[in-house]
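Remarks on the overall topology
Next come the chains, spelled out residue by residue.
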Amino acid sequence: MALTKIINGKIITPHRVLNNGVIVIDGDKILEVSESNIEIPGAEIIDAKGNYIAPGFIDIHVHGGGGYDFMDATVEAFLKIAELHARF
């Protein structure tokens, strides 16, 4: 199990900001969020250096992709944009 530990961040939660927070991650799954240090021997350490850590803020507003724009107003453009976004 390759764990990652993010330290020294301001973690935005639904209820408040956790200053100097710690997040433990296993692959693509968050295992724990804490205000106190969690000892994880062998974990990769990422220092957030006091920056904010925000979950799931992904901008889904797009105007196109792959060299195409919805303003092209063609079936080809819409399909190419959809294919590109489905891949990523």
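Our structure's up above, just so we're on the same page.
To keep things clear, this report deals only with the structure shown in the data block.

1. Focus on the overall build of the protein
Counting secondary structure elements, the protein contains 1 helix and 7 strands. The order of α-helices and β-strands along the protein, N terminus first, is β-β-β-β-β-β-β-α. Its C-alpha atoms put the protein at 55 × 30 × 20 Å along the principal axes. Within the protein, the proportion of its 88 residues that are buried is 26%.

2. Focus on the environment of Lys29
The residue Lys29 is located in strand 3 (residues 29–34) in this model. Judged by relative accessible area, Lys29 falls into the exposed class, the value being 54%. Lys29 sits 26 residues away from Leu3 along the chain, and the two C-alpha atoms are 9.9 Å apart.

3. What about the pattern of salt bridges?
Applying the stated rule across the entire model yields 1 salt bridge. Between Glu35 and Arg16 there is a salt bridge, with the nearest N and O atoms lying 2.7 Å from each other. Here Glu35 is found in the loop between strand 3 and strand 4 (44–47), whereas its partner Arg16 is found in the loop between strand 1 (3–12) and strand 2 (17–26), with 19 residues between them in sequence.

4. So, a nonpolar patch on the surface
Where nonpolar side chains cluster on the molecular surface, the patch consists of Val62, Phe70 and Phe78 and spans about 240 Å² of accessible area. For Phe78, the position within the fold is in helix 1 (residues 75–87). Judged by its relative accessible area of 41%, Phe78 falls in the partly exposed class.

5. Some details on the nonpolar core
Within the largest apolar cluster, 7 residues are counted, these being Ile6, Ile11, Leu18, Ile23, Ile25, Ala48 and Ile53. With 3 residues, strand 2 is the single largest residue contributor to this core. Contact partners of Ile53, with chain neighbours within four places excluded, come to Ile6, Gly9, Lys10, Ile11, Ile12, Ile23 and Ala48. Counting 6 residues, the second largest nonpolar core, distinct from the first, contains Leu3, Val24, Ile38 and Ile40.

6. What about the packing of aromatic side chains?
Scanning the entire structure with this criterion turns up 1 aromatic pair. On the numbers, 5.1 Å between centres and 90° between planes, the contact of Phe70 with Phe78 is edge-to-face. Given the relative accessible area of 34%, Phe70 is considered partly exposed.

7. With respect to the pairing of strand 2
Bridge analysis of strand 1 against strand 2 gives 7 bridges, and the strand direction is antiparallel. What sits directly across from Ile11, in strand 2, is Leu18. A loop of 4 residues connects strand 1 with strand 2, the two strands running antiparallel in sequence. Summarising the sheet, strand 2 and strand 3 pair through 5 bridges and their orientation is antiparallel. Bridge pairing links Val24 to Glu32 in strand 3. What sits between strand 2 and strand 3 in their antiparallel hairpin is a turn of 2 residues, with Gly27 showing a positive phi close to 65°.

The rules we used
- Residues numbered from 1 in each chain as written.
- Predicted model: local features only at pLDDT ≥ 70, side-chain atom pairs only at ≥ 80, totals over all residues.
- Heavy atoms only, no water.
- Helix = DSSP H or I, 4+ residues; strand = E, 2+ residues; numbered from the N terminus.
- Buried < 20%, exposed > 50% of the residue type's maximum accessible area, 1.4 Å probe, protein only.
- Salt bridge = Lys/Arg side-chain N within 4 Å of Asp/Glu carboxyl O.
- Patch = residues over 30% accessible without salt bridge, like charges linked within 9 Å, V, L, I, M, F, W, Y side chains within 5 Å.
- Areas by Shrake-Rupley, 256 points an atom, 1.4 Å probe, with all protein chains shown as cover.
- Core = buried A, V, L, I, M, F, W, Y, C linked by side-chain atoms within 4.5 Å.
- Contact = heavy atoms within 4.5 Å.
- Phe/Tyr/Trp six-rings, centres within 6.5 Å; stacked < 30°, edge-to-face > 60°.
- Pairing = 2+ DSSP bridges.

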